[in-house]
Amino acid sequence: MATNLTRSRRVSILDCEAFRFMANSKYFYYMDLIRFEIMFRTNLYKHTVNKGKFPVLGGQKIIYKKPLKRWTKFSITLMLEGWDDHWVYHRQVFTRNNEICAIGFTKVGFWYKQKIQDIRPIILESGITKAEMPVSKEVLDFFSNDYNILKGENND
């Protein structure tokens, strides 16, 4: 959970819209896959899902720069950005030939007994030795108005 994880993929024909470029939904699919891989490869699974705590996605945003064409190879790298009281934040970078094609940001928490859980005990139980890893203002700003938008209170 504390180190970056990179996986190489190839855009298949089934990933594409009109058989040319990777569909926007597939970026989110690959972002989900790499986050779940981290959970299953670490003690995080043992201290969450095995105890009835389920991962929930609190927000997910992506910025596209260049499309990924059918059959091209690309990499996705998951980077831990930090955590606050309830959420862990990740940056997920899609690259092709060392060029950034898209960057996604996610905020993930764990749900148990109908409420979001304090993330710090989960992190400590899972073997992360760092007590704190504050999230950058840049990343927090991506998610800052989410609840206001849902309530219809965003006046920007």
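Rules and cut-offs
- Residues numbered from 1 in each chain as written.
- Predicted model: local features only at pLDDT ≥ 70, side-chain atom pairs only at ≥ 80, totals over all residues.
- Heavy atoms only, no water.
- Helix = DSSP H or I, 4+ residues; strand = E, 2+ residues; numbered from the N terminus.
- Expected span 1.5 Å × (residues − 1).
- Buried < 20%, exposed > 50% of the residue type's maximum accessible area, 1.4 Å probe, protein only.
- Contact = heavy atoms within 4.5 Å.
- Salt bridge = Lys/Arg side-chain N within 4 Å of Asp/Glu carboxyl O.
- Phe/Tyr/Trp six-rings, centres within 6.5 Å; stacked < 30°, edge-to-face > 60°.
- Lys NZ or Arg CZ within 6 Å of the ring centre and 35° of its normal.

Draft legend 1. Structural context of helix H1 (residues 24-41). Its 18 residues place the ends of H1 27 Å apart at the C-alpha level, agreeing with the 26 Å of an ideal helix rising 1.5 Å per residue. When H1 is considered as a whole, its buried residues turn out to be Tyr27, Tyr30, Met31, Ile34, Arg35, Glu37, Ile38 and Met39. Among the structural elements, strand S1 (5-10), strand S3 (21-22), strand S4 (54-64), strand S5 (73-83), strand S6 (88-96) and strand S7 (99-112) are those in contact with the buried residues of H1.

Draft legend 2. Molecular detail of the environment of Phe105. Note on placement: Phe105 falls in strand S7. A relative accessible area of 2% means that Phe105 is categorised as buried. In this structure, the C-alpha to C-alpha distance between Phe105 and Lys61, residues 44 residues apart in sequence, is 5.3 Å. In this structure, Phe105 is in contact with Met31, Gly59, Gln60, Lys61, Ile63, His90, Arg91, Val139, Phe142 and Phe143, ignoring residues within four places of it in sequence.

Draft legend 3. Main features of the pattern of salt bridges. Enumeration according to the criterion identifies 12 salt bridges in this entry. When the shortest N-O distance is used, the salt bridge between Asp146 and Lys61 registers 2.7 Å. Placement of the pair is Asp146 in helix H4 (residues 146-151) and Lys61 in strand S4, with a sequence separation of 85 residues. Residue Lys61 is classed as partly exposed on the basis of its relative accessible area, which comes to 25%. Several salt bridges share partner residues, and in doing so they unite Arg7, Glu37 and Arg41 into one network.

Draft legend 4. View of the packing of aromatic side chains. Applying the stated criterion across every chain yields a total of nine aromatic pairs. Considering the side-chain rings of Phe36 and Phe40, the 6.2 Å spacing of their centres and the 20 degrees angle between planes classify their relative orientation as stacked. Of the two residues, Phe36 and Phe40 both sit in helix H1, four residues apart, roughly one turn of that helix. Each ring, one from Phe74 and one from Phe94, has its centre 6.0 Å from the other, and the planes form 35 degrees; the classification is tilted. Note that Phe74 is positioned in strand S5 and Phe94 in strand S6, a separation of 20 residues in sequence. Given a relative accessible area of 0%, Phe94 falls into the buried group. Each member of the aromatic cluster is reached from another via a ring pair, and the members are Tyr27, Tyr29, Tyr30, Tyr64, Phe74 and Phe94. Sitting over the face of the ring of Tyr29, Lys26 holds its NZ or CZ atom 4.7 Å from the ring centroid. The aromatic ring of Trp87 is capped on one face by Lys107, whose charged end is 4.9 Å from the ring centroid.

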